[in-house]
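The lines below spell out each chain.
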Amino acid sequence: MAAAKPTPALLVVILYFTLSVSSPFQPALVLDMAKILLDNYCLPENLVGMQEAIQQAINSGEILQISDRKTLAAVLTVGVQGALNDPRLAISYEPNFVPVIPPVLPSLPAEQLIRLVRNSVKLDVLENNIGYLRIDRIIGEETAAKLGSLLRDNIWDKVARMSSLIFDLRYSTAGDLSGVPFIISYFSEREPLIHIDTVYDRPSNTTKELWTMSSITGERYGKKKDLIILTSKRTMGAAEAVAYTLKNLKRAIIVGERSAGGSVKVRKIKIGDSGFFITVPVARSVSPITGQSWEVTGVAPSVNIIAKEAIGNAKSLLAVRNAIPKAVQSISNVIGRCYAFTDRVPALLSHLQSVDFFSVISEEDLVEKLNQQIQSVSEDPRLIIRLTKDQSVLLEEESEPGKVVDDPTYLGTLVDTLFKVQILRGNTGYLRFDTFVDSSVVSKLGEHIVKKVWEPLEDTENLIIDLRYNTGGSSASMSLILSYLQDATQRLHLFTIYDRVQNTTIEYDSLSERPGLNYGSKRGVYVLTSYYTASVGEEFAYLMQSLHRGTVIGEITSGTLTHSKTFQVEGTGMAITVPFINFIDNNGECWLGGGVVPDAIVLAEDAVDHAHETIEFHSGLMSLIEQTGELLEMHYAIREVAMKLSKVLLAKWAEGSYRSVVDFESLASQLTTDLQETSGDHRLHILYCDIEPESLHEVPKIPTAEEVGYIIDALFKIEVMPGNVGYLRFDMMADVEVVKAIGTQLIKLVWNKIVDTDTLIIDMRFNTGGYSTAIPLLCTYFFDTEPLRHLYTIFDRSTTTMTEVMTLPQVTGQRYGSHKDIYILTSHMTGSAAEAFTRTMKDLNRATVIGEPTIGGSLSSGTYQIDDSILYASIPNQVVLSAVSGKVWTVSGVEPHVFAQARDALNVAKRIIAARLPKQEQGK
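For the structure given in this document, a descriptive report is provided here.

Calculation criteria
Residues numbered from 1 in each chain as written. Predicted model: local features only at pLDDT ≥ 70, side-chain atom pairs only at ≥ 80, totals over all residues. Heavy atoms only, no water. Helix = DSSP H or I, 4+ residues; strand = E, 2+ residues; numbered from the N terminus. Buried < 20%, exposed > 50% of the residue type's maximum accessible area, 1.4 Å probe, protein only. Areas by Shrake-Rupley, 256 points an atom, 1.4 Å probe, with all protein chains shown as cover. Pairing = 2+ DSSP bridges. Axes fitted to C-alpha atoms, helices over the stretch in contact; angles between N-to-C directions. Core = buried A, V, L, I, M, F, W, Y, C linked by side-chain atoms within 4.5 Å. Contact = heavy atoms within 4.5 Å. Patch = residues over 30% accessible without salt bridge, like charges linked within 9 Å, V, L, I, M, F, W, Y side chains within 5 Å. Salt bridge = Lys/Arg side-chain N within 4 Å of Asp/Glu carboxyl O. Lys, Arg positive; Asp, Glu negative; His and termini not counted. Charge placed at Lys NZ, Arg CZ, Asp CG, Glu CD. Expected span 1.5 Å × (residues − 1). Arc of directions from axis to C-beta. Polar contact = N/O pair within 3.5 Å; in protein donor to acceptor, adjacent residues only side chain to side chain. Phe/Tyr/Trp six-rings, centres within 6.5 Å; stacked < 30°, edge-to-face > 60°. Parallel < 35°, antiparallel > 145°, perpendicular 65-115°, else oblique. Left-handed = near helix turned anticlockwise from the far one by under 90°.

1. Brief notes about the overall build of the protein
- When helices and strands are tallied, the protein shows 26 helices and 39 strands.
- Within the protein, the proportion of its 924 residues that are buried is 51%.
- For the protein, the accessible surface area stands at approximately 43600 Å², while carbon and sulfur atoms represent 52% of it.

Here it is in structure tokens:
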């Protein structure tokens, strides 16, 4: 860092100020003050700011009117501090000031040095082998070297044996920066050396780097044990450098107040012989770790607390940190012993052992850190750690079943208590039960349940199962109820429960032998839920969706099901909840709980009414699905695919996949998904429209003469670029009749301006399609009159016709010809007829395509109403065969010759054209 030279402008200002002051002492004062700053201030690059400050002072005339010297010193201080934004700068008037030169410590006798160190250093051992080291003055490296054995025997070797250390710098207000590496080295390893500070001294114009030391006297404390540094508002200078460095090396936690924000080195320099003094920071520190400094701003604590409470807080903090290894081990033991996902356990345990807990300063921090780590590995929201005041072990287990008396009257009454059965309007059965009773109880109630529950419901057309008040019970009894809702002849896997603690896996299938008749799998079942639906009630609702056996209506369930146990983490206020049971559904997927989202979300009190509405909607559902299949068979371009789609829709209906559909909107979404997944054709859509789509009767509108100019300006953008390169952009494919109607003006205003270019760029990046009827006309302009070129062949399923599309024998205006280069730009937006044009030009090797793959749209799609409903099917009714290969064009879009981001495609085309021009010139 070289010292800045006084700028000519600054000298001129100072000289001007000197000549303008009438008082005899002021000119010399200001001039000397400026010279001192220029020669000594540690931030010379900021001195340029003085020019404006002095100029303002001159213009205001304020200084010229001040005769009182102390007042003048105060005014100058405010001005200099404001100009340089540095509160350390100060001017004072002290005519009797006698500088006190402190003794150079290394030159003092050894006895005085020892006494000084003993007065400024205190070392104690607190409970649990916690060290307490207070240093009120940071000694320099020469003094430390001179007292090496004393410091080693009385301080550092003792500190090294401490389990943790509280390093008190609250009263450290003086010291030597050269001692900072000496201290920091005790709290780091021998290798590698660490660059901890860079100090620039302005008067000597020198820069010194401070590094940790590979060799020190005594034993190191090391970098693994806890280190807490206490600071206060009085902590200043070298002590700040220690705290700042160790904090940013992530080696110490700072507890207390923000430090004073002192300086590396400050000098009080007399201004000439005036009796005025200026205090100037003559050196500065820049941390290579942060690129910043502790000077002026101070060191911010990790834990902000008043200084007098810092020791107590540090002890509490160390108690938390001392508990971390044991807590982590306790948590690891619980996970290893109980966590249901056994395959994730090794990774979890390994990860917990490698976590860096440096930033943890409270149990809240520890909980947050641990949860962050275990969630990142397990991806299981059930595995969680919380703070708890309860020190006992908490368990979430199924309650033990009560004893049931074998008395027929009692058993019948018990069934009436447990189950509520009604027949509602529309011959809809209603079954409410608020708990899943234990399977052993169910076995005793079997005949009574058949008589009082299933026989009354036997002839209903649909069944509502009300779980709005069901808070759980036994998972085992769930299989019996699910079995009644299946066909007796079909054995179906329902769910599996794996218990890690018991190390058992139980698979539940539908029961082939059970009393009474089954309700079966054909009739509709509607499960009502509420926020109170919990535990096994949630499992049942979830399985009804997973098995495609029922429609869930109501509110999202409580989400309290976790199949977990909670353990107190010994010695802490933390508890870990560990899922020890995995509930695996009929598809082999583990359900993590978290609540069941109904197919139809309504308020719980409205669920019964909404169930009746859904039943009515479902009564016409099969007809809509059949009609969709029939429309596909009649109109979809590829008959074989259409037949397959029709069969798939009916098969999905039969297996219950449409039970989750509750209105026309969800039906349109489900049908679209099924059609696209089965066919691979993303152009198939089922639309939900309250009004009839315009596309059913859409006829191209021929513009009036007044509209033609506006249309051309709106649709077309042309430019002739350097190198005689034409640029043509249009964002819609108009119908051929519209093109013919505006043909004369189109030729005049657009085509004639680019037809004589040597190369043409056609920009289709923003063209989403339109009508395909104008494609032959457009293509014709880029081929010669003879021979006519076969562009593509269209097979129309609706009319069962095969049409060969050719170039036209005659066009209005001049042709571009077949020899000049053409480049077509594409994007993911390029679709429909725009794609057909692009694909044709590519197939016939007439253009180079640059950009992104196109959307993969359809040349033509018909829109057909499904039955008399508000659903409409958009069905591609044409396939296009390549003129070159004779094969059907795929629906995956046009692959460009040169791939590029759409936004870059034009520039790529320009570069390619520029690269080809020299070769073309040589060919001429």
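2. A word on the sheet that holds strand β38 (residues 878-882)
- Across the sheet, three strands lie side by side as β33-β32-β38; this open sheet has antiparallel pairing. At either margin of the open sheet sits one strand with a lone partner, and together these are β33 (801-806) and β38. Strand-to-strand twist in this sheet, taken as the mean axis angle between neighbours without regard to direction, amounts to 25°.
- By the bridge criterion, six bridges tie strand β32 (residues 790-796) to β33 in an arrangement that is antiparallel. By the bridge assignment for β33, Y792 is matched with V805.

3. A word on the nonpolar core
- W454, M478, L482, L485, F495 and F540 are the most contacted members of the largest nonpolar core, which totals 47 residues.
- At eight residues, the largest contribution of residues to this core is made by helix α14 (residues 439-457).

4. Regarding the sheet that holds strand β16 (residues 419-424)
- Taken together, six strands build an open sheet; the order of strands is β16-β17-β18-β21-β22-β27 and the sheet is mixed. Two strands bound the open sheet, and with one partner strand each, they are β16 and β27 (600-601).
- Here strand β17 (residues 428-433) runs beside strand β18 (residues 462-466); their pairing, made up of five bridges, is parallel. Residue pairing for β18: L431 is matched across the bridge by I465.
- This element, α14, spans β16, β17 and β18 of the sheet and lies at about 20° to β16.

5. Side note on the pairing of strand β30 (residues 725-730)
- Judged by how many residues are buried, β30 sits mostly within the fold: five of six residues are covered.
- Note: β30 against strand β31 (residues 759-763), five bridges, orientation parallel. Note that in β31 the partner of L728 across the bridge is I762.

6. Quick word on a nonpolar patch on the surface
- Residues I556, V597 and I601 make up a contiguous nonpolar surface patch of about 270 Å² in total accessible area.
- Here I601 lies in strand β27.
- Judged by its relative accessible area of 55%, I601 falls in the exposed class.

7. Describing a negative patch on the surface
- A cluster of acidic residues, E605, D606, D609, E613 and E616, forms a negative patch at the surface.
- As for its placement among the helices and strands, E605 is situated in the loop between β27 and α17 (607-619).
- By relative accessible area, which is 57% here, E605 ends up exposed.

8. Details of the pattern of salt bridges
- Under the defined criterion, the tally for this structure stands at 22 salt bridges.
- In this structure, D86 and R88 form a salt bridge, with 3.0 Å as the shortest nitrogen-oxygen distance.
- A residue is classified by how much of its surface remains accessible, and D86, at 2% relative accessible area, is buried.
- One salt bridge connects D153 with R152, and the closest N-O pair in it is separated by 2.9 Å.
- For R152, a relative accessible area of 29% corresponds to the partly exposed category.
- When salt bridges that share partners are traced, they join D86, R88 and E295 into one network.

9. So, helix α23 (residues 743-754)
- Here α23 is twelve residues long and its end C-alpha atoms lie 15 Å apart, about the 16 Å a rise of 1.5 Å per residue gives.
- What α23 keeps buried is the set G743, L746, I747, V750, W751 and I754. For α23, the angular spread of the buried residues around the axis is 130°, confining them to a single face. In α23, those exposed residues whose orientation departs by more than 90 degrees from the buried face are T744 and K748.

10. Structural notes on the side chain of K369
- When you line up the elements, K369 lands in helix α12 (residues 363-378).
- Buried and without a salt bridge, K369 has D356 as its closest oppositely charged side chain, separated by 6.3 Å.
- In terms of polar contacts, K369 uses its side chain to reach the backbone carbonyl oxygen of D356, at 3.4 Å.
- Look past the residues within four positions of K369 in its chain and what remains in contact with it is V355, D356, F357, S359 and V360.

11. Focus on the packing of aromatic side chains
- Taken as a whole, this structure holds 25 aromatic pairs when the rule is applied.
- Seen from their ring centres, F433 and F436 are 5.1 Å apart, and the 90° between their planes marks the pair as edge-to-face. Across the pair, exposure class does not vary: F433 and F436 are buried alike.
- With a centroid separation of 4.6 Å and 15° between ring planes, the pair formed by W454 and Y484 is classed as stacked. Here Y484 lies in helix α15 (residues 475-484) and W454 lies in helix α14, a separation of 30 residues in the sequence. Side by side, W454 and Y484 carry an identical accessibility label, which is buried.

12. Observations regarding the packing of helix α13 (residues 408-418) against α14
- At a minimum axis distance of 9 Å, the contact between α13 and α14 shows a crossing angle of 55°. With respect to their mutual orientation, α13 and α14 come out oblique. Where α13 crosses over α14, the handedness of that crossing is right-handed. Between α13 and α14, the contacting residues are P408, L411, G412, L414, V415, D416 and L418 on the first element and K444, L445, H448, I449, K452 and V453 on the second.

13. Some points on the environment of R683
- On the secondary structure map, R683 appears in the loop between α20 (664-679) and β28 (685-688).
- Here R683 falls in the buried class, since its relative accessible area comes to 13%.
- Taking the C-alpha atoms as reference points, R683 and G857, 174 residues apart in sequence, are found 6.3 Å from one another.
- For R683, the side chain forms a polar contact with the side chain of D681, separated by 2.8 Å.

14. Some thoughts on helix α19 (residues 639-654)
- In a regular helix each residue adds 1.5 Å, so 16 residues correspond to 22 Å; α19 covers 23 Å between its end C-alpha atoms and thus fits that length.
- Along α19, the residues classified as buried are A642, L645, S646 and L649. Viewed along the axis of α19, the buried residues span an arc of 100°, placing them on a single side of the element. Opposite the buried face of α19, by more than 90 degrees, sit the exposed residues E640, K647 and A654.
- A positive phi of about 90° marks G656, the residue just after α19.

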